[in-house]
Amino acid sequence: MTTTLPFDGIKVADFAWIWAAPTTSKYFADHGATVVRVETESPPDLVRTVGPFKDGEPGTNRSHSFGDFNTSKYSLSLDLKNPQGANVARRLIGWADIVIESFATGKMDDLGIGYETVKKLNPSVIMVSTSLMGQTGLASTYAGFGFHAGAIAGFYEITGWPDLPPDGPFTAYTDGVAPRFLAAIMMAALDHRRRTGEGQFIDASQLEMSLQMLAPQIIDYNASGRMVSRIGNRSRIAAPQGAYQCSGEDQWCAIAVETDEDWANLRSAMGKPTWANDDRFSTTEGRLSSHDEIDKGISQWTADKSPQDVMEILQVAGVPAGVVQRSSDLMRDPQLKHRKFFRELEHSEVGNVPYTGHQFRIKGYDNGPRFAAPMLGEHNDFVLRDLLGMTDDEITEIAISGALV
Amino acid sequence: MLSPYTVLDLSDDRGEMASMILGDLGANVVKVEPPYGSSSRRMGPFLEDAPEPENSLQFFAFNRNKRGVTLDVTTKAGRAALLRLAEKADFVIESAGPGEMAKLGLGFDAFEKANPSIIYVAISAFGQDGPQADYAASDLTLAAMGGPMSVQGNPERAPVRLSVPQAWLHASSEAAVAALTAHALMIQTGQGQFVDVSAQTSMIATMLHARLAHAIQGSDMERAGSVLQAGAIELPLVHECADGYVVLIPTGATMTGMVPWMVEDGIVPEEWIEGEDWATYDRRFLQQQPVVYALEDVFDAIRRYVLLHTKAEMLDRGLRDNVTIAPINTVEDLTKFHQLEERGYWLMAPLPDGTDTAVAGILAQLSETPLDVKRWAPKLGQHNHEILIEMLGMSEAQAIEGGATVPQE
């Protein structure tokens with residue numbers, strides 16, 4: 001088991017907020033980098049003001065909308081509009097290998113820490129500006145959230161029922177998509193810098209990165225004029241597929257028949273009911289055109305069984321089936337337990353709470369978030385003194401100026 | 001940026017985007033397919049609706065910046081050729097499922113023996129081991145077991161997934177991050193790494209702040225259609241407009257710009273403009289502090305205004321007045337969004353049928369090492385000659401024995 005971490009020694013000045021950019025810098029923090037999250041009390045990061053709050057009690061340091069997205073980071077509270085605050089920001093930029101920000105386009109320039117200044121302070125820095133629409137173009141100042149980008153990209157159009165207005169994906173879908181692309185880009189830029197000493201500016205649009213998730217459908221429209229829309233849980237190429245209601249309150253199991261063999265196995269697992277013994281159902285085309293009828297039959301079979309039982313019976317038969325799991329189910333999931341996915345960490349205000357772990361495991365390295373999310377301004381002294389090497393007098397002067405809020 | 005590195009992509013539709021990302025970032029990617037082609041070549045949408053291996057747009061979209069060879073790894077010659085390629089490679093990415101590669105004698109051990117510093121990334125539904133590692137999975141069941149379905153969809157109906165498959169794309173993009181993280185570790189230790197990526201956990205990530213709701217607040221979040229659940233406040237996100245739907249919430253900036261529009265249309269009286277400090281309206285209603293105009297009246301005004309106007313009209317006017325309105329775009333609407341054109345996002349790609357078509361562009365704009373697409377998806381076995389015969393020095397007979405059924409010049 002190695003104790004060396006992938007990003008040991010890498011320093012990140014993190015001017016990000018909400019979800020997308022903090023998730024991106026979290027990859028570096030969790031894997032060894034020293035990441036200083038710059039934030040302020042006035043106003044706090046929006047996600048500190050929305051739940052879920054520990055025990056349902058609101059509070060700046062109680063939100064897991066912030067916490068689970070900011071593990072292994074240090075928090076510096078800093079008023080960037082205060083001249084002393086701006087000075088500290090410049091010191092931090094000089095210290096960093098990577099600067100990441102996700103303010104509205106132009107805000108970093110207004111604060112006097114746009115890329116031209118950053119490059120002068122730190123010529124080999126990698127600076128990342130990420131926003132919904134990118135740093136250039138008429139829409140670059142578009143100040144939206146991941147659900148706005150999700151609508152523009154086309155994810156709303158494809159989520160929900162064909163006879164109803166679109167439901168859209170849960171909340172800010174592109175905030176869950178973009179960080180992976182951006183983290184990979186930044187890791188490549190870091191490797192390039194390690195080999196060549198060259199830093200650079202990265203202009204990353206959440207919309208543009210997210211469109212990779214619809215790449216075949218975009219080509220299909222451009223080539224043939226065909227457009228995708230929402231079709232509930234059905235597939236265009238296989239049937240039956242759906243979430244089927246089970247016993248208990250609002251309990252569901254997803255079942256996905258992908259081949260004729262899956263269908264035969266499903267039929268056997270259900271005890272070969274007579275309704276399913278219909279020649280029309282022996283081909284994909286037949287099942288696609290009789291989907292409603294088949295759904296009715298499957299629902300009758302699942303109605304008196306728990307979703308867990310439905311999943312297990314079908315998995316024994318080799319049919320793809322999975323419980324629609326809520327957050328409480330995930331905590332009990334045996335596979336996630338086996339992977340030690342959730343990690344309990346001691347938070348300075350709310351105590352021991354679980355955090356989501358990593359989606360990948362590197363053999364011989366127990367990777368997971370290293371320490372709990374910070375309270376707002378929890379590490380002011382550590383950052384100024386230990387990381388930036390400031391003296392007591394300097395720190396006092398900055399504190400008196402009112403910059404550390 | 002990654003030009004010193006070579007990636008062997010042994011994956012199928014469940015992992016192809018991982019090496020595409022590394023290729024987009026400059027890596028030299030060799031896609032190794034079985035002689036009958038990757039599974040994604042049999043997945044639609046298909047060009048001209050013709051399900052031929054060279055017509056799959058799924059394959060075309062996620063295999064750019066790669067050269068392609070065919071090897072039959074069930075043969076000794078095919079395995080030997082693959083391990084020789086591995087000697088020159090830095091990364092191997094596979095998605096065959098737990099233990100499948102090891103059964104062929106091509107597990108991590110075999111690759112590590114050929115190349116002690118190799119980064120071997122295995123993408124699977126639930127991870128390489130554990131009680132459910134061998135469960136059958138599909139996009140739908142992963143969306144269920146990973147959690148996002150529980151918070152998606154109309155509460156009167158079943159939970160829903162996105163109706164374009166996403167799970168393996170989430171896992172693949174996570175695998176690109178995993179590969180580079182493990183590589184950063186290898187740079188320090190010199191040791192090869194085995195990396196185990198789980199698609200189920202990559203779906204959990206997309207559940208955002210709902211993923212730990214029960215453990216933190218004592219209750220799960222539930223599906224609520226298109227309503228945004230912001231603590232105690234629920235905000236309808238989707239509103240019907242003259243030609244479809246838009247997403248819109250009354251943030252401070254949006255209301256500041258939009259109230260005058262509503263006055264102009266006679267939706268609300270003129271006193272609304274001065275009657276409220278609109279810039280701080282959202283922070284006050286989120287924290288349940290006093291507001292002059294109740295949230296339900298504001299939403300009612302928004303609904304009535306939006307019904308009178310089109311998506312494109314409101315988006316354009318919004319861009320001028322700092323009003324954040326998002327049209328619920330079809331693919332057609334998206335292709336007309338001027339911002340993407342202005343930034344040069346769309347790339348023209350030669351499709352296998354000889355026509356040129358706009359496709360999703362580069363991942364981001366970089367000042368010193370601009371990204372580009374050097375080559376589009378390879379035809380089956382397109383680079384067999386170049387890689388197997390010229391690079392590895394195999395004879396044509398050896399290449400054919402190894403599964404390179406159509407060595408091409």
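Residues numbered from 1 in each chain as written. Chains lettered and ligands numbered in written order. Predicted model: local features only at pLDDT ≥ 70, side-chain atom pairs only at ≥ 80, totals over all residues.

> When you look at the overall build of chain A in this model, what are you seeing that I'm missing?
The helix and strand tally for chain A stands at 17 helices and 12 strands. Taken over 405 residues, chain A has a buried fraction of 58%. In chain A, 67% of the contacts between residues at least 6 apart in sequence involve partners at least 24 apart. (Helix = DSSP H or I, 4+ residues; strand = E, 2+ residues; numbered from the N terminus. Buried ≥ 20, exposed ≤ 12 C-beta atoms within 10 Å, placed from the backbone. Contact = placed C-beta atoms within 7 Å.)

> Can you help me understand the sheet that holds strand E11 (residues 326-327) of chain B in this one?
Hydrogen bonds between backbone atoms are what pair the strands of a sheet, whose relative direction is either parallel or antiparallel. All names here are of chain B. Ordered by their spatial adjacency, three strands build an open sheet running E9-E10-E11, and the pairing between neighbours is antiparallel. Pairing within the sheet leaves two strands with one partner each, and these edge strands are strand E9 (238-241) and E11. Relative to the sheet, helix H13 (residues 295-307) contacts E9 and strand E10 (244-247), its axis offset from that of E9 by approximately 35°. (Pairing = 2+ DSSP bridges. Axes fitted to C-alpha atoms, helices over the stretch in contact; angles between N-to-C directions.)

> What is the right way to look at the packing of helix H7 (residues 173-196) of chain A against helix H7 (residues 167-189) of chain B in this model?
Helix packing geometry: the angle between the two helix axes and the distance between the axes. At a closest axis distance of 8 Å, the pairing of H7 of chain A and H7 of chain B adopts a crossing angle of 25°. Here H7 of chain A lies roughly parallel to H7 of chain B, going by the angle between them. Crossing angle aside, the handedness with which H7 of chain A passes H7 of chain B is left-handed. Two secondary-structure elements touch here, H7 of chain A through Arg 180, Phe 181, Ala 183, Ala 184, Met 187 and Ala 188 of chain A and H7 of chain B through Ser 173, Glu 174, Ala 176, Val 177, Leu 180, Thr 181 and Ala 184 of chain B. (Parallel < 35°, antiparallel > 145°, perpendicular 65-115°, else oblique. Left-handed = near helix turned anticlockwise from the far one by under 90°.)

> Explain the domain arrangement of chain B here, please?
Put simply, an interface is often sized by how much accessible area is lost when its parts join up. Once the domains are mapped, chain B shows domain 1 (6-206 + 359-401) and domain 2 (237-335). A separation of 44 Å is found between the C-alpha centroids of domain 1 of chain B and domain 2 of chain B. (Domains from an automatic or database assignment.)

> How should I be thinking about the nonpolar core in this particular structure?
Generally speaking, nonpolar side chains in soluble globular proteins are found buried as a group. Within the largest apolar cluster, 257 residues are counted, with the highest numbers of intra-cluster contacts made by Ile 185 of chain A together with Val 121, Ala 179 and Val 195 of chain B. The contacts of Val 121 of chain B, once residues within four sequence positions are left out, are Ala 18, Phe 91, Val 92, Ile 93, Ala 175, Ala 178, Ala 179, Val 195 and Val 197 of chain B. (Core = buried A, V, L, I, M, F, W, Y, C linked by C-beta atoms within 7 Å.)

> Where do I start with the domain arrangement of chain A in this structure?
Examined at the domain level, chain A breaks down into domain 1 (11-213 + 339-400) and domain 2 (241-326). Using C-alpha coordinates to define each centre, domain 1 of chain A is positioned 43 Å away from domain 2 of chain A.

> How should the interface of chain B and chain A be read in this particular structure?
Counting from both sides, the interface comprises 127 residues of chain B and, opposite them, 129 residues of chain A. Of the residues forming the side of chain B that touches chain A, the biggest block, 13 residues, is contributed by H7 of chain B. Split by residue class, the side of chain B that touches chain A holds 70 nonpolar, 45 polar and 12 charged. Of the pairings in the sheet, the one linking strand E6 (residues 200-205) of chain A to strand E14 (residues 365-366) of chain B comprises two bridges and is antiparallel in character. Opposite Ile 202 of chain A, over in E14 of chain B, you have Leu 366 of chain B as the bridge partner. (Nonpolar A, V, L, I, M, F, W, Y, C, P; charged D, E, K, R; others polar.)

> Explain the sheet that holds strand E2 (residues 28-33) of chain B here, please?
The sheet built from seven strands is open, its strands ordered E12(A)-E6(B)-E5(B)-E4(B)-E1(B)-E2(B)-E3(B) with mixed pairing. Each having just a single partner strand, strand E12 (360-362) of chain A together with strand E3 (66-70) of chain B make up the two edges of the open sheet. On average, each strand axis in the sheet is tilted by 20° relative to the strand beside it, whichever way the strands run. The pairing of strand E1 (residues 6-9) of chain B with E2 of chain B spans four bridges and is parallel. Note that in E2 of chain B the partner of Thr 6 of chain B across the bridge is Asn 28 of chain B. Helix H1 (residues 16-24) of chain B rests against E1, E2, E3, strand E4 (91-94) and strand E5 (119-124) of chain B of the sheet, and its axis sits at about 160° to E1 of chain B.

> Is there a simple way to think about the environment of Ala 18 of chain B in this case?
Residues and elements named next belong to chain B. Mapped onto the fold, Ala 18 is located in helix H1. Residue Ala 18 is classed as buried on the basis of its C-beta count, with 34 C-beta atoms lying within 10 Å. As for Ala 18 and Val 298, which are separated by 280 residues in sequence, their C-alpha atoms are 45 Å apart. Every residue in contact with Ala 18, bar those within four places of it in the chain, is listed here: Ser 11, Ile 93, Val 121, Ile 123, Ser 172, Ala 175, Ala 176 and Ala 179.

> Would you mind showing me how to read the environment of Met 314 of chain B here?
Residues and elements named next belong to chain B. On the secondary structure map, Met 314 appears in helix H14 (residues 311-321). For Met 314, a count of 23 C-beta atoms within 10 Å gives the class buried. Here the alpha-carbon distance between Met 314 and Gly 15, two residues 299 residues apart in the chain, equals 39 Å. When sequence neighbours within four positions are dropped, the list of residues in contact with Met 314 reads Cys 241, Val 246, His 309 and Ile 325.

> Sorry, what's going on with unusual backbone geometry here?
Outside of glycine, negative phi angles account for most residues, and trans bonds account for most peptide bonds. At the junction of Gly 51 of chain A and Pro 52 of chain A, the peptide bond is cis and its omega measures out at 0° in the coordinates. With respect to the secondary-structure elements, Pro 52 of chain A resides in the loop between strand E2 (34-39) and helix H2 (64-67). Looking along the chain, the bond that leaves Gly 44 of chain B and enters Pro 45 of chain B is cis, with omega of 0°. The phi dihedral of Ile 18 of chain A is positive, around 60°, even though this residue is not glycine.

> Looking at this structure, I do not really get the pairing of E9 of chain B. What am I missing?
In the case of a regular strand, side chains alternate between the two sheet surfaces. Residues and elements named next belong to chain B. Bridging between E9 and E10 involves four bridges; their strand directions are antiparallel. Of the residues in E10, the one forming a bridge with Cys 241 is Gly 244. Remark: two residues form the turn of the hairpin made by E9 and E10, two consecutive strands paired antiparallel.

> Can you help me understand the pairing of strand E5 (residues 126-131) of chain A in this one?
Residues and elements named next belong to chain A. The buried fraction of E5 amounts to six of the six residues, a majority that puts the element mostly inside the structure. Here E5 shows two buried faces, one formed by Ile 126, Val 128 and Thr 130 and the other by Met 127, Ser 129 and Ser 131. For strand E4 (residues 98-101) and E5, the ladder comprises four bridges, and the chain directions are parallel. Bridge assignment links Val 99 to a residue of E5, and that residue is Met 127. Direction of pairing for E5 relative to E6: parallel, over a ladder of six bridges.

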